[in-house]
Amino acid sequence: MKKISLTALLFGVFTAGSVSASPFSIEMVADNDFAIFSGTSTSINNLLYQNNANWYDQVDAVSQLTFNLAAGDNTFYVLGMGGGGDEENISGIVNGVNMTDSSVSVLMSSDLSGFLSGYPSTYYSNNPVENANYSPLLSEVQAAFSSLTWGAPVLNSTQTVIAAGGFGQGFIFSELEARLFAFEAQEVNVSVPEPSILMLLGFGLTGLALRSRRKRIA
């Protein structure tokens, strides 16, 4: 019989139990760029989507995809990024629910642009955020998380991209800022995957392997 390494077994175990059984869709538009992360109320764990389209193509690009939450993640973090030019905003729906709906309790973070490498601090034409070519690093967003403060977002229905996006209203922020907008997955009717029996088995196997290794060393 072919032997299977513990590493390969654990990889299969964690992969099998790591995603939601209920895929969901996203439609979103930003002036100028955005990325979507998932995590918990105390951490950002995964990058779900990195936008690379200009605002007039953003909804079509993201709405053709389906997403799953990783096991244990229960919170969405939408990173709206402004490239300058007066108006900065984010609007859209997750799983058919408008994130500006009164049933969704959204919190907006303080500006984290200073934590993001290469983020423009002054406006210049065709900068990477304005062109939607900027890709924030998960590690840098995670590093910024503990330094952020949170408050109520500002609604708007008249800025150019919000009106053109067709979602009715969105959230606005100041020029050249990067802001996280956080809300719970269950508030947009996305089921939260719990760690599966397979994952718990994986943790048990890991513990057994560590104990066996300690005995050999002793």
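Look up a bit, the structure's there.
**Student:** So what exactly am I meant to see when it comes to the layout of surface pockets here?
**Tutor:** Over the atoms rolls a probe the size of a water molecule, and in doing so it shows where empty space is left. As a volume, the largest pocket reaches approximately 170 Å³. In terms of lining residues, the largest pocket is bounded by S41, T75, Y77, S105, L107, F145, W150, A182, F183, E184 and E187. Elements with a contribution of two residues or more to the lining of the largest pocket: β4 (75-81) and β11 (178-184).

**Student:** I tried to follow unusual backbone geometry on my own but got confused; where do I start?
**Tutor:** A negative phi holds for most residues other than glycine; trans holds for most peptide bonds. Cis geometry marks the peptide bond from D31 to N32; its omega dihedral reads 20°. Within the secondary structure, N32 sits in the loop between β1 (26-31) and β2 (33-40). Even without being glycine, N126 reaches a positive phi, approximately 65°. Residue class for N126 comes out exposed when judged on its relative accessible area of 53%.

**Student:** Hey, could you run me through the side chain of R179 in this one?
**Tutor:** Structurally, R179 is set in strand β11. In terms of polar contacts, R179 uses its side chain to reach the backbone carbonyl oxygen of S109, at 2.8 Å. Reaching out from R179, the side chain makes a polar contact with the side chain of E177 at a distance of 2.8 Å. Discounting residues that sit within four places of it in the chain, R179 has contacts with V78, L79, G80, M108, S109, S110, D111, L112 and F173.

**Student:** Just to check I follow, could you spell out the packing of aromatic side chains for this structure?
**Tutor:** Pairs of aromatic rings are described using the distance from one ring centre to the other and the angle between the two planes. A complete count under the given rule lists 12 aromatic pairs for this structure. Of the aromatic side chains, those joined through ring pairs into one cluster are F24, F34, Y49, F67, F76 and F183.

**Student:** Please explain the environment of N52 as it appears in this structure.
**Tutor:** Examined against the element boundaries, N52 turns out to sit in the loop between β3 (43-50) and α2 (55-63). For the pair N52 and V62, spaced 10 residues apart in sequence, the C-alpha to C-alpha distance is 9.7 Å. Once residues lying within four places of it in the same chain are set aside, the contact partners of N52 are A132 and S135.

**Student:** Can you help me understand the pairing of strand β5 (residues 89-94) in this one?
**Tutor:** Side-chain positions along a regular strand alternate between the two faces of the sheet. Here β5 lies mainly inside the structure; 6 of its 6 residues are buried. Judged by which residues are buried, β5 turns out to be covered on both faces: N89, S91 and I93 on one side and I90, G92 and V94 on the other are all buried. Two elements, β1 and β5, share 6 bridges in a ladder whose sense is antiparallel. When the bridges of β5 are listed, A30 appears paired with I90. Inspection of the sheet shows β5 paired to strand β10 (residues 170-172) by 2 bridges, in the antiparallel sense. Each residue of the ladder has a partner; that of I90, found in β10, is F171. As judged from the 2 bridges shared by β5 and strand β6 (residues 97-98), these two strands associate in the antiparallel manner.

Analysis parameters
- Residues numbered from 1 in each chain as written.
- Predicted model: local features only at pLDDT ≥ 70, side-chain atom pairs only at ≥ 80, totals over all residues.
- Heavy atoms only, no water.
- 1 Å grid on protein atoms, 1.4 Å probe; cavity = no way out; pocket = protein on both sides within 12 Å on 5 of 7 lines; lining within 4 Å.
- Points joined across faces, edges and corners; volume = space filled by probe spheres on them.
- Helix = DSSP H or I, 4+ residues; strand = E, 2+ residues; numbered from the N terminus.
- Buried < 20%, exposed > 50% of the residue type's maximum accessible area, 1.4 Å probe, protein only.
- Polar contact = N/O pair within 3.5 Å; in protein donor to acceptor, adjacent residues only side chain to side chain.
- Contact = heavy atoms within 4.5 Å.
- Phe/Tyr/Trp six-rings, centres within 6.5 Å; stacked < 30°, edge-to-face > 60°.
- Pairing = 2+ DSSP bridges.

These values are about where atoms sit, not about what they do.
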